[in-house]
Amino acid sequence: MNIRTATIKDLEAVTSVEAECFPPAEAATREELAERLKYYADHFWLMFDGDKLIAFVDGFVTDEEDLTDEMYAKAQLHNESGAWQMIFGVNTIPSYRKHGYAGELIKCAIEDARKQERKGLVLTCKDHLVNYYAKFGFENEGVSESEHGGVKWNQMRLKF
């Protein structure tokens, strides 16, 4: 498996994986992903099996402490010198799940945020994933204000 950050050339592959991993109400659109790649491609961690994109983690950097719905839609809010690395999506195509690939990418995001001297990382997740993210050191801060995709989310934070 090969891990690297993204470029705009990865747009079609990223869009395809996103659509395979999330229901339409929660998935980022091709246009939203294009904007994300434009503003913060270095904050996409991609995993390939040969030439095939099988998993990715993405999110921008901000000084805001909490993840909000506005952040998903407005890539231009990215602040490269911000304190917090947000995680918007953890994606692994179904046929590659349960092998630890997402965990490897989460560790890459954590390592990069640490090297970049961020305060930590923030993500939101559904109830059944709280314990999964806790294994990486994320702490559950309770129900998020986010209503992204019409779903109840828990905000998780990993502080350095």
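Let me begin by describing the structure that accompanies this report. (Residues numbered from 1 in each chain as written. Predicted model: local features only at pLDDT ≥ 70, side-chain atom pairs only at ≥ 80, totals over all residues. Heavy atoms only, no water.)

All right, on to the packing of helix 1 (residues 11-21) against helix 2 (residues 30-40) then. The interhelical angle for the contact between helix 1 and helix 2, taken along N-to-C directions, is 130 degrees, at an axis separation of 10 Å. Relative to helix 2, helix 1 is oriented oblique. Of the two elements, helix 1 crosses helix 2, and the hand of that crossing is right-handed. Of helix 2, the residues touching helix 1 (which contributes L11, E12, V14, T15 and E18) are R30, L33, A34 and L37. (Axes fitted to C-alpha atoms, helices over the stretch in contact; angles between N-to-C directions. Helix = DSSP H or I, 4+ residues; strand = E, 2+ residues; numbered from the N terminus. Parallel < 35°, antiparallel > 145°, perpendicular 65-115°, else oblique. Left-handed = near helix turned anticlockwise from the far one by under 90°. Contact = heavy atoms within 4.5 Å.)

In spatial order, the strands read 1-2-3-6; together these four strands make up an open sheet with antiparallel pairing. A strand with exactly one partner marks an edge of an open sheet, and here the two such strands are strand 1 (2-5) and strand 6 (89-92). Taken over all neighbouring pairs, the strand axes of this sheet differ in orientation by 20 degrees on average, direction set aside. Relative to strand 2 (residues 44-49), strand 1 is paired through four bridges, and the arrangement is antiparallel. Residue I3 lies in a different strand from strand 2, and its bridge partner there is M47. (Pairing = 2+ DSSP bridges.)

Here we come to helix 1. What helix 1 keeps buried is the set L11, V14, T15, V17, E18 and C21. All buried residues of helix 1 project into a common sector of 165 degrees when viewed along the axis, lining one side. Buried residues along helix 1 sit against helix 2, strand 2, strand 3 (52-58) and strand 6. (Buried < 20%, exposed > 50% of the residue type's maximum accessible area, 1.4 Å probe, protein only. Arc of directions from axis to C-beta.)

What follows deals with unusual backbone geometry. The phi torsion at K98 lies on the positive side, around 70 degrees, for a residue other than glycine. According to the relative accessible area criterion, K98 is exposed, its value standing at 85%. Phi is positive for E117, which is not a glycine, with a value near 60 degrees. Take E117: it is sitting in the loop between helix 4 (101-115) and strand 7 (120-125).

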